[in-house]
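Listed below, chain by chain, are the residues.
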Amino acid sequence: GFKEEEFQCVATNEFEEKRIAIQIANEKCKYPTGYICGDIKTDDVKNRIYNEIEMWKSVEKTKEIDVVVATPPCQGMSVANHKKNENDEIRNSLVIESLILIKNINPKFFIIENVSAFLKTECEDVDGVKKSIKEAIDSNLSERYEVVGKVINFKNYGNNSSRTRTVVIGVRKDYITKVTPNELFPDYQEEKSIKDVIGYLPRLKTMGEINSNDIYHSFRPYDVRMLPWISNTGYGKSAFDNEKAEHRPHKIVDGVIVQNTNKNGDKYKRQTWEKTAPCIHTRNDILASQSTVHPEDNRVFSVRELMNFMTIPKHFKWSSEDVSKFSLDEKKAHLKKYDTTIRTAIGEAVPTSIFK
């Protein structure tokens, strides 16, 4: 989103190489040294970020950094993560690492995006005191920055699917007479229906089918024994609502049908064209996840459809390979290799339209 608005990325940090590879494929940074893979808690990674900034000041004559964007992992606070553990506080410490970087880099602006419970979640601050993340942001940054945090549903601000998130925007106080944090939040827009967003895409009827013009618009295969569960699921209904036992999710034990437990009403649920697309989760690859089934086809949403829901442009690349020249077998191999990584990345992404 920032790149489409002609910002240049000085440095980017990711823990996983496969995520950095996606950024490299999209030429996110001008210099190869800008891609910094590693644990941001280490001095080595921090110093590589600081060194990259100094290089830009020298080579590009950059006086200072305009904006720092932080989207630290949210496993420790996500409502989807019901099983909290002792590692959650360690994960939340990545938020503190972000605050340290912002304080040391001293950009004109900063943006932090995370789940809706973000600001109320507990963390251990640099002073060793446990406090809410909101209090940690205030204690570290309020002296230099005017800070506003809001919980908004991105579907009302330009995204094509429901996604309630916290956005924190800070404006350095020497710029506050020019622009306030509130002015930088996206403008309200009418939400769109699933039909509006993906209704024009070709239908996919056969398991494993790949659209001839778009490798990422494909029918993700699944266990064929589940096909009757989905093919008999009515419009807007869950497979658990099907009349016949053999058409409801189940397993066979000693030749007897044992029904699966329906712990979530959105599992195996067929969506409807009229509603806004649901929140895209990381497990958008399986029928048993939340609200993943196409309104009419017997499949989960394709990668292209998910990209449309998250306003990721069609020209965005998921690998450095030229997929347009692939044979059918090469397309199948590519999807087998990258499909899960792509879908997880989409589920964890911030919609392009929001950052624009």
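Residues numbered from 1 in each chain as written. Predicted model: local features only at pLDDT ≥ 70, side-chain atom pairs only at ≥ 80, totals over all residues. Heavy atoms only, no water.

So, the pairing of strand S8 (residues 164–172)
Along S8, eight of the nine residues are buried, which leaves the element largely enclosed by surrounding structure. Pairing between strand S7 (residues 145–153) and S8: nine bridges, direction antiparallel. Along S8, the bridge assignment pairs Asn 153 with Thr 164. (Buried < 20%, exposed > 50% of the residue type's maximum accessible area, 1.4 Å probe, protein only. Helix = DSSP H or I, 4+ residues; strand = E, 2+ residues; numbered from the N terminus. Pairing = 2+ DSSP bridges.)

So, the nonpolar core
In this structure, Ile 49, Ile 112, Phe 118 and Ile 137 are the most contacted members of the largest nonpolar core, which totals 28 residues. Listed by contribution, the elements that provide at least two residues to this core are helix H2 (43–59), strand S3 (67–70), helix H3 (88–105), strand S4 (109–115) and helix H4 (133–141). Per element, the largest residue contribution to this core is seven residues, and it comes from H3. Among all residues touching Ile 112, those that are not within four sequence positions of it are Ala 70, Pro 72, Leu 99, Ile 102, Phe 118, Ile 137, Thr 166, Val 167 and Val 168. Counting 27 residues, the second largest nonpolar core, distinct from the first, contains Leu 201, Leu 306, Leu 335 and Ala 349. (Core = buried A, V, L, I, M, F, W, Y, C linked by side-chain atoms within 4.5 Å. Contact = heavy atoms within 4.5 Å.)

Some thoughts on unusual backbone geometry
The phi dihedral of Glu 27 is positive, around 50°, even though this residue is not glycine. Looking at where Glu 27 falls in the secondary structure, it is placed in the loop between helix H1 (17–25) and strand S2 (35–37). Among the residues examined, Glu 27 registers a relative accessible area of 57% and is labelled exposed. The phi dihedral of Asp 254 falls on the positive side, at around 55°, and the residue is not glycine.

Points about helix H9 (residues 328–348)
With 21 residues, H9 should cover 30 Å at 1.5 Å per step; its first-to-last C-alpha distance of 29 Å lies within 8% of that length. The set of residues buried in H9 consists of Lys 331, His 334, Leu 335, Tyr 338, Asp 339, Thr 341, Ile 342, Arg 343, Ala 345, Ile 346 and Gly 347. (Expected span 1.5 Å × (residues − 1).)

A word on the confidence of the model for the protein chain
Residues at a pLDDT of 70 or more form 94% of the protein chain, whose mean pLDDT is 93. In the predicted structure, residues 78–82 sits below a pLDDT of 50 and forms four contacts with residues beyond four places in sequence or in another chain. (pLDDT = per-residue confidence, 0-100.)

Topic: the side chain of Asn 140
Relative to the helices and strands, Asn 140 resides in helix H4. In this structure Asn 140 comes out as buried when scored by relative accessible area, which is 8%. Not counting chain neighbours up to four residues away, the residues in contact with Asn 140 comprise Leu 99, Lys 103, Asp 125 and Val 126.

Regarding the packing of aromatic side chains
Overall, the coordinates contain 11 aromatic pairs when judged by the stated rule. Between Phe 2 and Phe 355, the ring centres sit 5.5 Å apart and the planes meet at 65°, which makes this aromatic pair edge-to-face. Within this pair, whereas Phe 2 is found in the segment before strand S1 (12–14), its partner Phe 355 is found in helix H10 (residues 352–355), the two being separated by 353 residues in sequence. Plain terms: the ring middles of Phe 316 and Trp 318 are 4.9 Å apart, the flat faces sit at 70° to each other, and that makes the pair edge-to-face. A relative accessible area of 6% means that Trp 318 is categorised as buried. An aromatic cluster is defined as three or more aromatic residues linked by ring pairs; in this entry it consists of Phe 2, Phe 7 and Phe 355. (Phe/Tyr/Trp six-rings, centres within 6.5 Å; stacked < 30°, edge-to-face > 60°.)

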